[in-house]
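Structure at a glance
Here are the chains, one letter per residue:
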Amino acid sequence: MTTAPATGAPAPGQAVQTELAGHSRDRRGSPVPTAGMIATRVMELRKRRGLMIALILVNIGFPAVFLLIRLLAHAFAPDANPPAGGDMIFGVLVAGFLPTFGFIVATTVGCTAGSRDLTEGMFRHLVVTGRSRLALYLARIPAGLAIVVPLVAIGYTIVCAVCVFAAPTFIDDSNVNIPPGLSRTAFENWAADRAEPIICSLPYNGPIPGNVACPGPPPWSKSAVTPSQPAPAKLEALAVKIASQDYHGYTQILRRPPISLMITAGLWIELEAAVGFILGLGLASLMGQRLVPVILIIMLQMILTPILSAVDIPHLQALQRSFVGLAMTHLEPAGLPLAFGLPGVAGGSGPPGGPQSLLPESATEAACVVIAWLAAWTILGAWRMMTRDA
């Protein structure tokens, strides 16, 4: 005699299938972080007000205040203060301030993200949830970059906007305001009408006549040097000769940064910040604390790397080339001033296209070094996260 199961009670086979289906939907063991895990990490970092204030001040506040002071100074006293923007200010900020301090703050954010669970005693609570430890670690990478990258981009956009829209109207060549876009003939004719300022200001290795009175550099202004009184024919010929020699240098001076340079420099600064964040994240996860990793990475980039970049050690060249700071310097856009080691830190900077004293390294080798550092520290940080006792 066959008996049917009670109404509403599942058959034995159906119960097993339901249990397996529920197990397949449980993705807590997946190494791929979910959007919810990433959003939680972003919220945790945003709640650290001191860190966020420092991040905003360094990446946005300091450049904005510096440029605002220059804008106001030029607006109220244009004869004593140069324009706020221009290619020179762009090079100083982009090759010096922004990547240097952006790297430091990004490193601090990475070390905070990598050590927060341990320092606050939350690691055990995360482990008992059943989530994959690898997923917990990988979720910190997009979460931290989601905070660092936009703030760096906002600060960089402010710098680009001021350097473009508040650029000088005329080209400043050795403290002489010259109209832009002159041909060689037009430049020589322009110099002949302004013989004395040209002879006194533009670079020239020959003798200067004693009857030329050089009053000093002209003041900053929005107008070019006005034509002076007709000079003797010898002075006009000398001014034309000096202008002809200086024409190449005149054509190399830019009033505002090119669009291509602003794009490549922006991507390079974002890469600098991303490298700092991932190095800080991996080292802090490996060491289980925040302060010591921050100090070690800053010392590596701002002290050790510039020294190794400028000094050629014959038997250690391969080791020198393996440092990420030197690799990032070789990836720096060609239109920016060259700095040794970390951009703008130690060793000074040189003009674009000037002689380089960096250890030679191709762009391909530099890119491979950067990728290797990012991969290595991500693997080390994730490995320590997976093997740490709860």
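Residues numbered from 1 in each chain as written. Predicted model: local features only at pLDDT ≥ 70, side-chain atom pairs only at ≥ 80, totals over all residues. Heavy atoms only, no water.

**So, the overall build of the protein**
In terms of helices and strands, the protein carries 15 helices and four strands. Accessible area of the protein: about 20,000 Å², with a carbon and sulfur share of 66%. (Helix = DSSP H or I, 4+ residues; strand = E, 2+ residues; numbered from the N terminus. Areas by Shrake-Rupley, 256 points an atom, 1.4 Å probe, with all protein chains shown as cover.)

**Some thoughts on the packing of aromatic side chains**
Scanning the model with the defined rule gives seven aromatic pairs in all. Seen from their ring centres, F187 and W190 are 6.4 Å apart, and the 10 degrees between their planes marks the pair as stacked. Placement of the pair is F187 and W190 together in helix 8 (residues 184–192), with a separation of three residues, close to one helical turn. For W190, a relative accessible area of 9% gives the class buried. Each ring, one from Y247 and one from Y250, has its centre 5.8 Å from the other, and the planes form 40 degrees; the classification is tilted. (Phe/Tyr/Trp six-rings, centres within 6.5 Å; stacked < 30°, edge-to-face > 60°. Buried < 20%, exposed > 50% of the residue type's maximum accessible area, 1.4 Å probe, protein only.)

**What to know about helix 10 (residues 233–252)**
A turn of α-helix holds 3.6 residues, and therefore any two residues three or four places apart point the same way. Under the 1.5 Å per step criterion, the end-to-end length of helix 10 is 29 Å for 20 residues, consistent within 8% with the ideal 28 Å. Along helix 10, the residues that are buried comprise L235, L238, A239, I242, A243, D246, Y247 and Y250. (Expected span 1.5 Å × (residues − 1).)

**A look at the side chain of H330**
Within the secondary structure layout, H330 lies in helix 14 (residues 324–330). Overall, the relative accessible area of 17% leaves H330 in the buried class. A polar atom in the side chain of H330 sits 3.5 Å from the backbone oxygen of E361. (Polar contact = N/O pair within 3.5 Å; in protein donor to acceptor, adjacent residues only side chain to side chain.)

**As for helix 3 (residues 49–76)**
The largest bend along helix 3 reaches roughly 45 degrees and is located at L57. Each element contacted by the buried residues of helix 3 is listed here: helix 2 (35–46), helix 4 (87–119) and helix 7 (140–165). (Bend = angle between axes of the 7 residues up to and from the residue. Contact = heavy atoms within 4.5 Å.)

**Examining the confidence of the model for the protein**
Across the protein, pLDDT averages 80, with 79% of residues at or above 70. Mean pLDDT values for the elements of the protein range from 42 in strand 4 (residues 349–350) up to 95 in helix 7. Below pLDDT 50 for its whole length, residues 18–24 participates in zero contacts with residues either more than four positions away or in separate chains. Taken as a whole, residues 340–356 scores under 50 in pLDDT and shows 49 contacts with residues more than four places along the chain or in a different chain. (pLDDT = per-residue confidence, 0-100.)

**Overview of the pattern of salt bridges**
Tallying each qualifying case throughout the model produces two salt bridges. For E44, the salt bridge goes to R41, with nearest N and O atoms at 2.9 Å. With E44 and R41 both in helix 2 and three residues apart, this pair spans about one turn of that helix. The residues E44 and R41 share a single accessibility class, namely buried. Residues R116 and E44 are paired through a salt bridge, measuring 3.4 Å at the closest nitrogen-oxygen approach. (Salt bridge = Lys/Arg side-chain N within 4 Å of Asp/Glu carboxyl O.)

**Regarding the nonpolar core**
In terms of nonpolar packing, the biggest core is built from 66 residues, with F90, V94, Y156, V159, V275 and L336 touching the most fellow members. By size, the runner-up hydrophobic cluster in this structure holds 19 residues, among which are I171, W190, A239 and Y247. (Core = buried A, V, L, I, M, F, W, Y, C linked by side-chain atoms within 4.5 Å.)

**Notes on empty space enclosed by the protein**
On inspection of all chains with the given rule, the structure shows two cavities of 30 Å³ or more. Of the pockets and cavities examined, the largest cavity occupies roughly 40 Å³. Lining the largest cavity, in full, are R41, E44, L45, T112, A113, R116, R140 and A143. Listed by contribution, the elements that provide at least two residues to the lining of the largest cavity are helix 2, helix 4 and helix 7. For the lining of the largest cavity, the residue count by class is three nonpolar, one polar and four charged. (1 Å grid on protein atoms, 1.4 Å probe; cavity = no way out; pocket = protein on both sides within 12 Å on 5 of 7 lines; lining within 4 Å. Points joined across faces, edges and corners; volume = space filled by probe spheres on them. Nonpolar A, V, L, I, M, F, W, Y, C, P; charged D, E, K, R; others polar.)

**Quick notes on a nonpolar patch on the surface**
On the surface, M287, L291, V292, I295, L296, M299, I303, I307 and V311 cluster together to form a nonpolar patch covering roughly 770 Å² of accessible area. In terms of residues, the nonpolar patch owes the most to one element, helix 12 (residues 291–310), which gives seven residues. Here I303 is to be found in helix 12. (Patch = residues over 30% accessible without salt bridge, like charges linked within 9 Å, V, L, I, M, F, W, Y side chains within 5 Å.)

**Focus on the environment of A274**
Topologically, A274 is positioned in helix 11 (residues 259–287). When its relative accessible area of 16% is taken as the criterion, A274 is described as buried. Expressed as a C-alpha distance, the spacing of A274 and V149, which sit 125 residues apart in the sequence, is 7.6 Å.

**Examining the packing of helix 11 against helix 15 (residues 363–387)**
In contact at an axis separation of 8 Å, helix 11 and helix 15 are set at 30 degrees when each is read in the N-to-C sense. Relative to helix 15, helix 11 is oriented roughly parallel. In terms of crossing hand, the pair formed by helix 11 and helix 15 is left-handed. Together, V275, I278, L279, G282, L283, S285 and L286 of helix 11 and V370, W373, L374, W377, T378, L380, G381, W383, R384 and M385 of helix 15 make up the contact between the two elements. A per-class count over the contact of helix 11 with helix 15 returns twelve nonpolar, four polar and one charged. (Axes fitted to C-alpha atoms, helices over the stretch in contact; angles between N-to-C directions. Parallel < 35°, antiparallel > 145°, perpendicular 65-115°, else oblique. Left-handed = near helix turned anticlockwise from the far one by under 90°.)

**Concerning the packing of helix 7 against helix 11**
Two elements in contact, helix 7 and helix 11, have axes whose closest approach is 9 Å; the angle formed by their N-to-C orientations is 150 degrees. With respect to helix 11, the axis of helix 7 lies roughly antiparallel. Both helix 7 and helix 11 take part in a crossing whose hand is right-handed. Along the contact surface, helix 7 presents R140, I141, G144, L145, V148, V149, V152, A153, Y156, C160 and V164, while helix 11 presents L261, M262, I263, A265, G266, I269, E270, A273, A274, F277 and L281. Residue classes in the contact of helix 7 with helix 11 are distributed as 18 nonpolar, two polar and two charged.

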